[in-house]
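Spelled out from the first residue to the last, the chains are:
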Amino acid sequence: MTWQRFTGSTDEWNMIVERLGATTPFQLSAWGTFRESFGWKLIRLITHDGQGAAQLLVRRIGFVQVVWGAGAPLGVVTPTSLRDLVSDTKRLLDARVLYLRVADHAPRESARTSFFRAAGWSPTKQTIGSAGTLTRSLDADTAPLSDLYSSNWSRNLRRGRQRNVTAQQWYRPDAELIAALHRDVEKVKQPYHAEWRADSAAIERLLTCFGKQLVVVQAIAPDGVVHALRAAVIIGQNAYDFLAATSSEGRKLYASNVALDALLGLLATRGVQRYDFGGIDPDNNKGVFDFKHGAGGAEVVYSGEYETASPRFLKGLLAKLVASRTR
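Every value quoted in this text rests on a predicted model; they were computed, and no experiment measured them.

Conventions we followed
Residues numbered from 1 in each chain as written. Predicted model: local features only at pLDDT ≥ 70, side-chain atom pairs only at ≥ 80, totals over all residues. Heavy atoms only, no water. Helix = DSSP H or I, 4+ residues; strand = E, 2+ residues; numbered from the N terminus. Rg over C-alpha atoms; globule rule 2.2 N^0.38 Å. Buried < 20%, exposed > 50% of the residue type's maximum accessible area, 1.4 Å probe, protein only. Contact = heavy atoms within 4.5 Å. Areas by Shrake-Rupley, 256 points an atom, 1.4 Å probe, with all protein chains shown as cover. Arc of directions from axis to C-beta. Phe/Tyr/Trp six-rings, centres within 6.5 Å; stacked < 30°, edge-to-face > 60°. Lys NZ or Arg CZ within 6 Å of the ring centre and 35° of its normal. Core = buried A, V, L, I, M, F, W, Y, C linked by side-chain atoms within 4.5 Å. Axes fitted to C-alpha atoms, helices over the stretch in contact; angles between N-to-C directions. Parallel < 35°, antiparallel > 145°, perpendicular 65-115°, else oblique. Nonpolar A, V, L, I, M, F, W, Y, C, P; charged D, E, K, R; others polar. Salt bridge = Lys/Arg side-chain N within 4 Å of Asp/Glu carboxyl O.

Draft legend 1. Structural context of the overall build of the protein chain. Check the secondary structure of the protein chain and you find 11 helices and 14 strands. At 20 Å, the protein chain has a C-alpha radius of gyration in line with the 20 Å of a compact globule built from 327 residues. Projected onto the principal axes, the alpha-carbon positions of the protein chain cover approximately 60 × 40 × 40 Å. Counting only residues that meet the buried cut, the protein chain has 53% of its 327 residues in that class. Sequence-distant contacts in the protein chain: of pairs separated by 6 or more residues, those separated by 24 or more amount to 72%. For the protein chain, the accessible area works out to roughly 15,300 Å², and carbon and sulfur atoms hold 50% of it.

As structure tokens, this is what we get:
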């Protein structure tokens, strides 16, 4: 028995998440609370030695307890801890049948991926999230942030400024306007799907859950209209690109370049050292990939998504069941 239920406060949990090196926001208490509003139940686990942690979302589908952990597990993993994550989760949930899936956002290392296989986990055939991301340094003490911009990205930033687009922190973000901007993006970009980002009520809940951890920047045209926004979640010295949308008119004004440049500068002044562009899909969304790459992003491959089940022989059947019921 390696894992136990975490019973501390949300602030204590967030300190553990930061200590164990999380660079994505999905293990923060705010994300768990936000997802609870969509019908998921939440369980937080920590190893007895405090070197591993996992925030897991739980939902019952028929007789199966379905468990999903984006960004989990954090910290040190071993074949034993990964095997016990299954048995201990099943015991703590009092589940008869368990399907467990995680997206490990640690950088890919052969040892870590081999531990999953040794523990009986299998790579998923179809991933839910991105297989990797782009990151860049925000250490403005060694070089200006703009030094990492490509020549084309810098040119578009100048074009935005020449059109008198300005950007500033949005201290009281308008949830309906944010949702509307995402709906605008959804109309233009296929197969992009905004999901909850296009729902003003969901955006309002997100803003409430994350509070000051979420930094939002708005890009405004001379007529006062907000044409783009960019928001990031701060996790210690890391920040994660979390919301991004530009109106049809804003794309003509290069408002997204102005917004991102302002956000990166703001984060740097707060001591953030590393920016994660929030996942990539160079095949199906090459325009966004090029934009993030042009802003200085260097590719990082995640450890990957893995699945398992208890009883293990039901894994294939349960994976198909979950896929058919969660589309």
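Here the narrative resumes, following the displayed structure.
Draft legend 2. Geometry of helix α2 (residues 29-36). Among the eight residues in α2, six count as buried, and that is most of the element. At its buried positions, α2 is contacted by α1 (10-19), β2 (41-47), β3 (52-61), α7 (200-210) and β12 (238-246).

Draft legend 3. Geometry of helix α4 (residues 110-118). Taken residue by residue, α4 has Arg112, Thr113 and Phe116 as its buried positions. For α4, the buried positions fall inside an angular range of 95° around the axis, keeping them on one side. Turned more than 90 degrees away from the buried face of α4, the exposed residues are Ser110 and Arg117. Elements that come into contact with the buried residues of α4 comprise β5 (74-75), α3 (79-93), β6 (97-107) and β14 (298-310). Just downstream of α4, glycine 120 is the residue with a positive phi angle, here 95°.

Draft legend 4. Up close: the packing of aromatic side chains. All told, the structure shown has 17 aromatic pairs when counted by the stated rule. Consider the rings of phenylalanine 26 and phenylalanine 242, whose centres lie 6.2 Å apart with planes at 50°: the pair is tilted. In this pair, phenylalanine 26 sits in the loop between α1 and α2 while phenylalanine 242 sits in strand β12, placing the two residues 216 residues apart along the sequence. You'll find phenylalanine 26 and phenylalanine 242 in the same group, each marked buried. Taking the centre distance of 5.9 Å and the plane angle of 80° together, the rings of tryptophan 31 and phenylalanine 242 count as edge-to-face. Residue tryptophan 31 is found in helix α2, and its partner phenylalanine 242 is found in strand β12; the two are separated by 211 residues along the sequence. In this structure, tryptophan 31 and phenylalanine 242 share a single accessibility class: buried. Aromatic ring contacts, followed pair by pair, group Phe26, Trp31, Phe34, Phe38, Trp196, Phe210, Tyr240 and Phe242 into a single cluster. Between the NZ or CZ atom of arginine 59 and the centre of the ring of tryptophan 40, over which it lies, the distance is 4.3 Å.

Draft legend 5. Main features of the nonpolar core. Formed by 43 residues in total, the largest nonpolar core has its most connected members in Trp31, Trp196, Leu206, Phe210, Leu214 and Phe242. Sequence-distant contacts of phenylalanine 210, defined by excluding residues within four places in its chain, comprise Pro25, Leu28, Ala30, Trp31, Val233 and Phe242. One finds Val217, Ala239, Leu253 and Val272 within the second-largest nonpolar core, a separate group that totals 30 residues.

Draft legend 6. Up close: the packing of helix α5 (residues 151-162) against helix α9 (residues 255-269). Packing of α5 against α9 leaves a shortest axis separation of 8 Å and a crossing angle of 100°. One element, α5, and the other, α9, form an angle in the roughly perpendicular class. Contacts between α5 and α9 involve Trp153, Asn156, Leu157, Gly160 and Arg161 on the former and, on the latter, Asn257, Val258, Leu260 and Asp261. Considering only residue class, the contact of α5 with α9 consists of four nonpolar, three polar and two charged.

Draft legend 7. Highlighting the pattern of salt bridges. Under the counting rule described, the total for this entry stands at nine salt bridges. A salt bridge links arginine 112 to aspartate 104; its shortest N-O distance comes to 2.5 Å. For arginine 183, the salt bridge goes to glutamate 176, with nearest N and O atoms at 2.7 Å.

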